[in-house]
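What follows is each chain in one-letter form.
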Amino acid sequence: VLESLSIIASSCIDDDFEKSAADKTLRKAKEYANNLLFSCPRSVWSVRAAAALVGALGKSKEMLNDSSNETFDLLSPNLKAQGHFLRLHTLVILNSYPRRPYVVNHSELDHTDDLDEDGDSFKPPGDSQQSLGKSAVSGPCDIMETLLKIEAMPVTLANERRLNGEINRIEVLCRTGRVPIVYAEAVSNHMLGLFHVKFAPVWPAAVRALAAVAVAQETCAWPTLAQKLDEVMQPELLSGDADTPDRDYDDKEEEEKEADDSISQIRHHRNMCVAWDESYGADVRLFGDGHDMDGGGRVSRYRTTDTSIVFENTWKVMESVPQLTVRKSKVIVPIFLEFLHFQYYRFHDDDPDARELSLEEHLGEDSKEKGSRWSRNDLGRRPLQKKLTSFLRMLAAINGPQQLYKHKLLFNYFFVTLSNPDEGIAQLALKCFLKFKPDYAMPYAEYLSSLLKKKE
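Since this is a predicted model, take the numbers as computed values, not measurements.

Trainee: Can you explain the overall build of the protein? Please cite residues and give values.
Mentor: A tally of regular secondary structure across the protein gives 23 helices and zero strands. Considering the protein as a whole, with its 456 residues, one finds that 46% of them fall into the buried category. Contacts spanning at least 24 positions in sequence make up 75% of the contacts within the protein whose residues lie at least 6 apart. Total accessible area on the protein stands at roughly 24,200 Å², and carbon and sulfur atoms take up 51% of it.

Trainee: Residue-level account of the pattern of salt bridges, with values.
Mentor: Per the counting criterion, the structure on display carries 10 salt bridges. Between Glu151 and Arg87 there is a salt bridge, with its nearest N and O atoms 3.1 Å apart. Within this pair, whereas Glu151 is found in helix H8 (residues 143-152), its partner Arg87 is found in helix H5 (residues 84-94), the two being separated by 64 residues in sequence. In terms of burial, Glu151 and Arg87 fall into one category: buried. Here Arg169 ties to Asp142 by a salt bridge, and the two come within 3.0 Å at their closest N and O atoms. Of the two residues, Arg169 is situated in helix H9 (residues 160-175) and Asp142 in the loop between helix H7 (127-130) and H8; the sequence distance between them amounts to 27 residues. Under the relative-accessibility criterion, Asp142 is labelled buried at 19%.

Trainee: Residue-level account of the nonpolar core, with values.
Mentor: Across soluble globular proteins, nonpolar side chains show a tendency to be buried alongside one another. Formed by 122 residues in total, the largest nonpolar core has its most connected members in Ile143, Trp315 and Tyr413. With sequence-adjacent residues up to four places away left out, Tyr413 is seen in contact with Phe336, Leu340, Tyr345, Leu357, Leu388 and Leu392.

Trainee: Lay out the side chain of Glu218 with the relevant residues and their values.
Mentor: Along the chain, the position of Glu218 falls in helix H12 (residues 218-232). One polar contact links Glu218 to Arg327, side chain to side chain, over a distance of 2.6 Å.

Trainee: Outline empty space enclosed by the protein, supporting the account with residue identities and numerical values.
Mentor: Tallied over the entire structure, the rule returns four cavities of 30 Å³ or more. Estimated volume of the largest cavity: approximately 120 Å³. Taken together, 11 residues line the largest cavity, and the ones lying closest to its centre are Met233, Glu338, Gln343, Lys370 and Trp374. Counting only elements with at least two residues in the lining of the largest cavity, the list comes to helix H17 (329-347) and helix H19 (366-371). With five residues, the top contributor of residues to the lining of the largest cavity is H17. Its residues placed into classes, the lining of the largest cavity shows five nonpolar, three polar and three charged.

Trainee: A description of the side chain of Thr90 should follow, citing residues and the corresponding values.
Mentor: Here Thr90 lies in helix H5. Ignoring sequence-local partners within four residues, the contact set of Thr90 consists of Val47, Leu75, Asn78 and Leu79.

Trainee: A description of unusual backbone geometry should follow, citing residues and the corresponding values.
Mentor: As a rule of thumb, non-glycine residues mostly have phi less than zero, and peptide bonds are mostly trans rather than cis. Although it is not a glycine, Ser358 sits at a positive phi angle of roughly 50 degrees. Residue placement: Ser358 occurs in the loop between helix H18 (352-357) and H19. Take Ser358: its relative accessible area is 25%, and that puts it in the partly exposed class. The phi torsion at Lys406 lies on the positive side, around 55 degrees, for a residue other than glycine.

Trainee: Please give an account of helix H10 (residues 181-194) that cites residues and values.
Mentor: Residues spaced three or four apart along an α-helix point in a common direction, a consequence of the helix completing one turn every 3.6 residues. When the terminal C-alpha atoms of H10 are compared, their 20 Å separation across 14 residues agrees well with the 20 Å that a helix rising 1.5 Å per residue should span. Counting buried residues along H10, 12 of its 14 residues qualify, which places the element largely inside the surrounding structure. Among the residues of H10, those classed as buried are Val182, Tyr183, Ala184, Ala186, Val187, Ser188, Asn189, His190, Met191, Leu192, Gly193 and Leu194.

Trainee: A description of the state of the cysteines should follow, citing residues and the corresponding values.
Mentor: Across all of its chains, the model carries zero disulfides by this definition. For the unlinked cysteine Cys141, the closest cysteine sulfur is that of Cys174, found at 8.2 Å. On the accessibility criterion, Cys141 (1% relative accessible area) is buried.

Trainee: How would you summarise the packing of aromatic side chains if you had to cite specific residues and measurements?
Mentor: For the structure shown, the criterion picks out 16 aromatic pairs. Each ring, one from Phe311 and one from Phe391, has its centre 6.0 Å from the other, and the planes form 75 degrees; the classification is edge-to-face. Taken together, the positions of Phe311 in helix H15 (residues 307-320) and Phe391 in helix H20 (residues 381-396) put the pair 80 residues apart, joining distant regions of the chain. This pair shows no difference in class: Phe311 is buried, exactly as Phe391 is. Aromatic side chains Phe414 and Phe436 sit 6.2 Å apart centroid to centroid with 50 degrees between the ring planes, which places their arrangement in the tilted category. Residue Phe414 is found in helix H21 (residues 407-417), and its partner Phe436 is found in the loop between helix H22 (423-434) and helix H23 (445-452); the two are separated by 22 residues along the sequence.

Trainee: Could you give an account of H15, naming the residues involved and the relevant values?
Mentor: Given a rise of 1.5 Å per residue, 14 residues ought to cover 20 Å, and the 20 Å separating the end C-alpha atoms of H15 matches this to within 8%. Turning to H15, its buried residues are Val310, Phe311, Asn313, Thr314, Trp315, Val317 and Met318. Where H15 is buried, its residues meet H10, helix H11 (202-216), H12, helix H16 (322-327), H17 and H20.

Trainee: Before we move on, can you summarise the packing of H8 against H10 with the specific residues and values?
Mentor: Their axes nearest at 10 Å, the elements H8 and H10 cross at an angle of 15 degrees. Comparing their axes, H10 and H8 come out roughly parallel. As for the relative orientation of H8 and H10, their crossing is left-handed in sense. Residues Ile143, Met144, Leu147, Ile150 and Glu151 of H8 pack against Tyr183, Ala186, Val187, His190, Met191 and Leu194 of H10. When its residues are assigned to classes, the contact of H8 with H10 shows nine nonpolar, one polar and one charged.

About the criteria used
- Residues numbered from 1 in each chain as written.
- Predicted model: local features only at pLDDT ≥ 70, side-chain atom pairs only at ≥ 80, totals over all residues.
- Heavy atoms only, no water.
- Helix = DSSP H or I, 4+ residues; strand = E, 2+ residues; numbered from the N terminus.
- Buried < 20%, exposed > 50% of the residue type's maximum accessible area, 1.4 Å probe, protein only.
- Contact = heavy atoms within 4.5 Å.
- Areas by Shrake-Rupley, 256 points an atom, 1.4 Å probe, with all protein chains shown as cover.
- Salt bridge = Lys/Arg side-chain N within 4 Å of Asp/Glu carboxyl O.
- Core = buried A, V, L, I, M, F, W, Y, C linked by side-chain atoms within 4.5 Å.
- Polar contact = N/O pair within 3.5 Å; in protein donor to acceptor, adjacent residues only side chain to side chain.
- 1 Å grid on protein atoms, 1.4 Å probe; cavity = no way out; pocket = protein on both sides within 12 Å on 5 of 7 lines; lining within 4 Å.
- Points joined across faces, edges and corners; volume = space filled by probe spheres on them.
- Nonpolar A, V, L, I, M, F, W, Y, C, P; charged D, E, K, R; others polar.
- Expected span 1.5 Å × (residues − 1).
- Disulfide = S-S within 2.5 Å.
- Phe/Tyr/Trp six-rings, centres within 6.5 Å; stacked < 30°, edge-to-face > 60°.
- Axes fitted to C-alpha atoms, helices over the stretch in contact; angles between N-to-C directions.
- Parallel < 35°, antiparallel > 145°, perpendicular 65-115°, else oblique.
- Left-handed = near helix turned anticlockwise from the far one by under 90°.

Pasting the structure below:
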């Protein structure tokens, strides 16, 4: 109803027909839209309706509400959702608020121009170039507009350079550390959301942009990143990605196929609408067959990556910021140990290293609940190797691993993993092992690496 009302009111305003009545109707609809949005912020339908109303309100120079901080806090988590349309409609709403200025560090301002009474006073060459950088970032920040442009841009090979260019611009702005806090949180969420886009060229750029936020504005990015790190470690059925359609809807669909009356068709459509909404836009059966077909070098926005890709890209962020991994090692290392104990060694239950390491003694009480979610039937050799590889790459990027939480246990693990039959894992374990710089191994580092390589 809100979406239809917004379209009609927008047409009236464009045609200058009953414009005052349309403005009055839109103002009345704002209260209902805000109540709906704040009560169901994760609903695709409510966010879509509010986004449609925002477009109509913009023509009347009205805003959805005056609570921009609360709205950003409420809706920013939507930007890391799997579904494209939830991210898109959320950005439409967030971009409707006035731009906020860059955060200014007054200690870095150059006031020399204010001291010059003569406008033609001499300035040494090159000063204008040196003044660029952090001090050049000032005024209103348009980073939300850039995020909306990225999300709305068609995913095609022809747009690859444009997409990466916009994401690289986000990275450059975030490196200054002057992005407003709510914008930095939105960027962190949206870069995680881009990992779900089924277009590999954008993933490395999104990793770099998120890493830039994590370094420059750690307090803004880390809570979002930590939550995602925990999320990707959960079994798929518990992760909230809704890759698997609800069985209840499937059963209803089978029953409704037997009846060909209008009531059953309405119920079927209603079930599909609910499934799309409860899956945050991931269950797209509502749109029928062929909705996710690619063609002409264009990737359908209904298509999303699988959970393994999201896992790898999320941990690549930590790999690219080893200093953050060290500072947050009391969070990162337990996640790694839980993976080894509850997933890797649960599948490789005949591996003697598990008994030697006694990982269970190093896990907290809250870890047991997480471990109960996994069964050996849910695990597979290849997915576990990919996950372990992501962890080892992250740990291999750290210089001075003695700074890490439980570094002695990690050292022992790297040592026993040198005998892993997988060459790639053994080589990464060696890199991690040599980062400890043991006196008895450093003179033979090159020979050890050659020994682990398979003979062709």
